[in-house]
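Remarks on the overall topology
Take a look at the letters that make up each chain.
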Amino acid sequence: MKNNLFAKRMENIRASEIRELLKITEMPEVISFAGGLPAPELFPLVEIAKISSEVILEDGRKALQYSTTEGYLPLREKIAERLHRVFKTTVSTDQILITCGSQQALDFIGKVFLNEGDVVFCESPSYLGALNAFRAYEPRFIEVPTDDDGMIPEELEKLMLTCSRRKLIYVVPDFQNPTGRTWSVERRKKLLEIAQKYGVVIIEDNPYGELRFEGEIPASLMSLDNTGTVIGLGTFSKIFCPGMRLGWIAADTDFIEKFVLVKQGADLHTSTTSQMQVNRFLEKNDIDMHIAHIKDVYRERRDTVIEAMEREFPRSVRFTRPNGGLFTWAELPEGLNARKLLEISLERKVAFVPGASFYACRPKDNTMRINYSNMPEDRIREGIKRLGEAIYELSSISSIAV
Ligand SMILES: Cc1ncc(COP(=O)(O)O)c(C=O)c1O
């Protein structure tokens with residue numbers, strides 16, 4: 001009966017497989033490679049306690065009051081300055097809108113750009129949270145074949161020609177969620193050329209770019225763009241704390257004006273208190289040092305997970321070796337199903353996310369996402385050992401050699 005009351009768009013919105021899985025992984029005995037959670041032991045609790053009380057005691061009447069939709073000006077200034085320094089962009093303060101995490105920005109992008117049936121091009125696979133946010137606006141997804149260097153431009157261009165209602169290209173070019181892959185600069189340039197040629201907007205979602213363990217940060221799409229084609233999304237979730245729920249949209253002011261309108265309807269503004277706390281943290285502490293510390297810890301964990309997979313997994317399982325970020329992506333031999341593997345590995349108290357739900361259109365059942373940021377090295381080794389055993393068990397049950 002109640003079903004008649006729901007809007008049609010709700011048919012497209014399903015519970016995220018990860019959210020469901022996280023309920024299981026909260027059990028302390030489970031070794032979880034499932035969530036994309038930062039390591040909580042790296043949250044700077046003492047400093048946050050100090051700045052929080054300073055913000056309330058010194059400026060509490062402002063911190064607890066309504067504030068502007070665009071966001072707290074000093075924080076927007078710092079974000080613009082940081083984007084310039086780290087990602088070589090030229091965005092100004094008025095091109096920054098503070099959002100409640102970049103997840104809110106993804107929802108706003110759907111709201112501002114997508115009519116039912118409009119086309120969103122995305123990587124294959126892509127970030128599940130973005131696909132789900134866009135789904136509410138009933139677009140048509142077109143998955144673009146992708147290799148280790150990013151989207152394959154010739155394939156993108158061919159697909160562009162197959163449809164007329166082209167709107168957005170959604171990409172995560174740095175340490176992508178879920179694969180951990182990073183695009184080459186060559187591919188970034190090609191993507192921009194194609195987007196400009198066909199008049200399509202690029203969404204560059206970049207939560208992990210600063211978490212680079214080796215090498216230089218490559219030119220961001222935003223920094224390569226001088227035509228206002230790229231909308232950049234950023235967040236404090238992975239370089240500070242996700243519980244603050246602070247992210248941002250960096251874009252041409254024409255776009256920002258629209259986002260401000262939808263944000264007014266959604267929540268008026270992002271928490272004034274959170275914004276002032278993070279702003280003060282940036283004033284009183286060295287965020288670069290904090291990020292360097294996070295990277296040291298995650299680099300060790302990345303090394304540990306890769307070494308363990310090389311040792312424990314059959315040779316026929318392929319996986320990515322990311323230079324940063326939180327994830328590696330593994331592909332089982334054809335015919336082995338990662339959802340079945342999850343059932344077996346959960347019996348051994350190990351969780352990961354089967355890769356199928358990261359595909360907008362054509363799921364590959366033999367893929368899996370493995371997160372390495374959230375556990376100490378000994379648990380990573382033990383978890384991968386059990387996962388390796390589970391793969392051999394699945395291979396013998398399925399009669400597929402590995
Ligand atoms: C690619 C990508 N975009 C956006 C988000 C959302 O991040 P938040 O809303 O915490 O800023 C995530 C979170 O894992 C992500 O991986």
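Please read all numbers here as calculations on a predicted model, not as lab measurements. (Residues numbered from 1 in each chain as written. Predicted model: local features only at pLDDT ≥ 70, side-chain atom pairs only at ≥ 80, totals over all residues. Heavy atoms only, no water.)

1. Remarks on the sheet that holds strand 15 (residues 367-371)
Note the following rule: Here, strands pair whenever DSSP counts at least two bridges between them. Secondary structure elements follow DSSP: runs of H or I of four or more residues count as helices, runs of E of two or more count as strands, with numbering from the N terminus.
Taken together, the four strands give an open sheet; going across it, the order is 11-12-15-14, and neighbouring strands pair in antiparallel fashion. Across the chains shown, the open sheet's two edge strands, defined by having one partner strand only, are strand 11 (318-319) and strand 14 (353-354). The pairing of strand 11 with strand 12 (residues 327-331) spans two bridges and is classified as antiparallel. In the sheet register, F319 faces strand 12, and the bridge partner there is A330.

2. A look at the packing of helix 11 (residues 287-312) against helix 13 (residues 377-398)
Applicable threshold: All axes are obtained by fitting lines to C-alpha atoms, using only the stretch in contact for helices, and the reported angles, taken between N-to-C directions, cover 0 to 180 degrees. Oblique is the label for any angle not covered by the other classes, which are roughly parallel (under 35 degrees), roughly antiparallel (over 145) and roughly perpendicular (65 to 115). Helix crossings are classified by the rotation of the near helix relative to the far one: an anticlockwise turn of less than a right angle makes the crossing left-handed, while a clockwise turn makes it right-handed. By the convention used here, residues are in contact when the closest approach between their heavy atoms is within 4.5 Å. Polarity classes work like this: nonpolar for Ala, Val, Leu, Ile, Met, Phe, Trp, Tyr, Cys and Pro, charged for Asp, Glu, Lys and Arg, and polar for all others, with Gly in that last group.
Close contact between helix 11 and helix 13 brings their axes to 9 Å; oriented N to C, the two are set at 30 degrees. By the angle between their axes, helix 11 is roughly parallel relative to helix 13. Where helix 11 crosses over helix 13, the two elements pack in a sense that is right-handed. Residue-level contacts link E300, R301, T304, V305, A308, M309, R311 and E312 of helix 11 to E377, I380, R381, I384, K385, G388 and Y392 of helix 13. A per-class count over the contact of helix 11 with helix 13 returns six nonpolar, two polar and seven charged.

3. Let's talk about the nonpolar core
When a protein is soluble and globular, its nonpolar side chains tend to lie buried together. Under the convention used in this document: Buried Ala, Val, Leu, Ile, Met, Phe, Trp, Tyr and Cys residues that are joined via side-chain atoms within 4.5 Å together make up what is termed a nonpolar core. Accessibility here uses a 1.4 Å probe with only protein chains present; expressed as a share of the type maximum, an area under 20% marks a residue as buried, one over 50% as exposed, and anything in between as partly exposed. For the domains described, the bounds stem from an automatic or database domain assignment.
In terms of nonpolar packing, the biggest core is built from 99 residues, with I169 and F236 touching the most fellow members. Inspection of this core shows a minimum of three residues originating in each of domain 1 (2-44 + 289-398) and domain 2 (48-284). Leaving out residues up to four positions away in the same chain, F236 has contacts with L75, I79, C241, L246, W248, V278 and L282. Judged by nonpolar contacts, the second largest core, of 31 residues, contains F134, V172, F255 and V262.

4. A few points about helix 5 (residues 128-135)
Note that an α-helix has 3.6 residues per turn; residues three or four places apart therefore point the same way. The buried fraction of helix 5 amounts to seven of the eight residues, a majority that puts the element mostly inside the structure. Here helix 5 has its buried residues at L128, G129, A130, L131, A133, F134 and R135.

5. Here we look at the site of the ligand
Note the cut-off: We call a residue near a given molecule or strand whenever any one of its heavy atoms falls within 4 Å of it. Polar contact criterion, stated in full: a pair of N or O atoms within 3.5 Å, where within protein one must be able to donate a hydrogen and the other to accept it, and residues adjacent in sequence count only if both atoms are side-chain atoms.
Inspection of the region around the ligand gives 14 residues, with S102, D205, Y208, T235 and S237 positioned closest. The separation between an oxygen atom of the ligand and a polar side-chain atom of N177 is 2.8 Å. At 2.8 Å, a side-chain N or O of R245 approaches an oxygen atom of the ligand. Grouping the amino acids of the shell around the ligand by side-chain chemistry returns five nonpolar, six polar and three charged.

6. A word on the side chain of Q277
Summarising the element assignment, Q277 is placed in helix 10 (residues 272-284). Here S52 takes part through its side chain, which lies 3.2 Å from a polar atom of the side chain of Q277. Apart from residues lying up to four places away in sequence, Q277 is in contact with I51, S52, V55 and M244.

7. What to know about the domain arrangement of the protein chain
We apply this condition: Two parts lose some accessible area (1.4 Å probe) when they are put together, and adding that loss for both gives the buried area. In the sections that follow, a salt bridge refers to a side-chain nitrogen of Lys or Arg positioned within 4 Å of a carboxyl oxygen of Asp or Glu.
Splitting the protein chain by domain gives domain 1 (2-44 + 289-398) and domain 2 (48-284). One C-alpha centre belongs to domain 1, the other to domain 2, and the line joining them spans 24 Å. Taken together, the contacts link 35 residues of domain 1 with 35 residues of domain 2. Between domain 1 and domain 2, roughly 3300 Å² of surface is buried when both sides are summed, and carbon and sulfur atoms account for 60% of that area. Our count for the domain 1 to domain 2 interface comes out at four salt bridges. With a shortest N-O distance of 2.5 Å, E214 and R302 are connected by a salt bridge. Here domain 1 and domain 2 share 14 residue pairs in polar contact (both at pLDDT 80 or more) between them. Among the elements that take part in the side of domain 1 that touches domain 2, helix 11 stands out by supplying seven residues, more than any other. Classifying every residue of the side of domain 1 that touches domain 2 gives 17 nonpolar, 10 polar and eight charged.

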